[in-house]
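Observations on the three-dimensional arrangement
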Amino acid sequence: MFPATRLEAARRAAQDAGLDALLIAPGADLRYLTGYQALPLERLTCLVVPAAGDPFLVVPELERAAAQASPAGRLGIGISGFGETDDAYAMIARRLPANTRLFAVDNHMWAEKLLAFQAALPTAQAGLAGDVLSVLRMRKTPAEIEALRRAGAAIDRVHRRMGEWLKAGRTEREVAKDIADAIIDAGHATVDFVIVGSGPNGASPHHEVSDRVIRAGDPVVVDIGGTTAEGYCSDSTRVYTVGEPPAAFREMYDVLLRAQTAQTGAVRPGITAEELDAVGRDIIAAAGHGEHFIHRTGHGIGLETHEEPYIVAGSRRALEAGMAFSVEPGIYLPGMYGARIEDIAVCTEDGGERLNLTGRDLVVLPA
């Protein structure tokens, strides 16, 4: 899952971008490059990828054994520990070329650590490593796609059990707790989010849970995801109703289903992100709900739930084989109800593949 070739690809990409070094703190970029899932702590952990030279990893001495036991220890890179009174930033600065003028840090590095690097490298300018690494990360390898496929199958197993928990008289919070337990039981290592938006709460795309009691006839938006032990994420949304919903909701849902089906069917190499966004948005707008689709169509997914590429108006990025992302149009009527259908899709050499295989039709559960 974490081949050494990624470090060489990152080194070449940094060199091509005119950078002298990449400085990568704990997070998805570090795990992508080394397989090391380090905790973000006040003590510095940093992978250094010089544009000219060998990469090395600097960790607190008390973390060195854990780093060596991780996949990073099998990559053949140097792993150096530092003591409690050592200046790790100065240590790294001394190991970089004296003429270092431009370095880049990962996009999620803590501000205090960036400022410490700037103090240790006063004549150098800082940039963002995400501009370099996102291009590498967004094209998934077959092994990564298989990991995403396993994650998608795991979250599908949870959706298939929704009838066990989603019942009139229960609160969103009670249902969400059962779902969270099932996400772990289905094969995830962590629960990343559980959205249970019933009735008018479904009109808020990022509503999580509340103590609202689910009522007969309520539409319920269930958006759930987790991370597997391999480090890859799942994310899928389905809509359920507890008993028969209002006729107007069915009509709205049918529009949404047509839009989402058209979008997943349009995934192919060469189509741009904004063109894919427009496929579904135009259908929704033609049905009179354009103002009720208030977010982008989707986001990339991999070691993070949200990463490049983003499927959004204004992005002229052409899709390429290996890119994985959500396709999740939504329609939201404030004060009434909402709906969203979400699948993870992968762009293949000649089209697209959906990684979520539960049915997309409206699921009507017993009241």
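Everything here concerns the structure above.
The structure reproduced in this document is the subject of the present report. Fair warning: this is a prediction, and the values are worked out from it, not measured in the lab.

1. Topic: the packing of helix α4 (residues 88-95) against helix α5 (residues 111-120)
The N-to-C vectors of α4 and α5 enclose an angle of 50 degrees; their axes lie 9 Å apart at closest approach. In terms of axis orientation, α4 runs oblique to α5. The two elements α4 and α5 meet at a crossing, and its hand is right-handed. Together, Tyr89, Ala90, Ile92 and Ala93 of α4 and Lys113, Ala116, Phe117 and Ala120 of α5 make up the contact between the two elements. For the contact of α4 with α5, a count of residues per class yields 7 nonpolar, no polar and 1 charged.

2. Some thoughts on the sheet that holds strand β7 (residues 188-198)
Reading across the sheet, the 4 strands line up as β7-β8-β9-β17 and stay open at both edges, with mixed pairing between neighbours. Where the open sheet ends on each side, the last strands, each with one partner, are β7 and β17 (363-365). Averaged over all pairs of adjacent strands, the angle between strand axes in this sheet comes to 30 degrees, irrespective of strand direction. Pairing analysis gives 6 bridges linking strand β8 (residues 219-228) to strand β9 (residues 236-242), with the strands arranged antiparallel. Bridged to Val221 within β9 is Val239. The strands that helix α7 (residues 142-159) touches are β7, β8 and β9; relative to β8, the one it contacts most, it runs at about 145 degrees.

3. So, the sheet that holds strand β6 (residues 125-128)
One open sheet accounts for 6 strands, arranged β4-β3-β2-β1-β5-β6; its pairing is mixed. In this open sheet, the two strands that pair with only one neighbour each are β4 (78-82) and β6. Averaged over all pairs of adjacent strands, the angle between strand axes in this sheet comes to 25 degrees, irrespective of strand direction. As defined by bridge partners, strand β1 (residues 21-24) adjoins strand β5 (residues 102-105) across 3 bridges and the pair is classed as parallel. If you follow Leu23 over to β5, its bridge partner there is Val105. In the packing of helix α1 (residues 5-16) onto the sheet, the strands contacted are β1 and β2 (46-50), and the crossing angle to β2 comes to about 60 degrees. Where α5 meets the sheet, it contacts β1, β2, β5 and β6, and its direction lies at approximately 165 degrees from that of β5.

Cut-off values and rules
- Chains are numbered independently. Their residues run from 1 in the order of the written sequence.
- Only residues with pLDDT of 70 or above have their local features reported here, since the model is predicted, and side-chain atom pairs are shown and tallied only from 80 upward, although totals for entire chains, interfaces and linings are computed over all residues.
- Just so you know, side-chain values use all the structure's heavy atoms and leave hydrogens and water out.
- Every axis corresponds to a line fitted to the C-alpha atoms, with the helix fit spanning only the stretch in contact, and the corresponding angles, defined between N-to-C directions, vary from 0 to 180 degrees.
- A run of H or I in DSSP becomes a helix once it reaches four residues, and a run of E becomes a strand once it reaches two; helices and strands are each numbered from the N terminus.
- Here the angle decides the label: under 35 degrees means roughly parallel, over 145 means roughly antiparallel, 65 to 115 means roughly perpendicular, and every other value means oblique.
- Two helices that cross are described as forming a left-handed crossing if the nearer one is turned anticlockwise from the farther one by less than a right angle, and a right-handed crossing if clockwise.
- In what follows, a contact means two residues having at least one pair of non-hydrogen atoms within 4.5 Å.
- Residue type decides the class: Asp, Glu, Lys and Arg count as charged, Ala, Val, Leu, Ile, Met, Phe, Trp, Tyr, Cys and Pro as nonpolar, and the leftover types, Gly among them, as polar.
- The rule for pairing is simple: two strands pair if DSSP sees at least two bridges between them.

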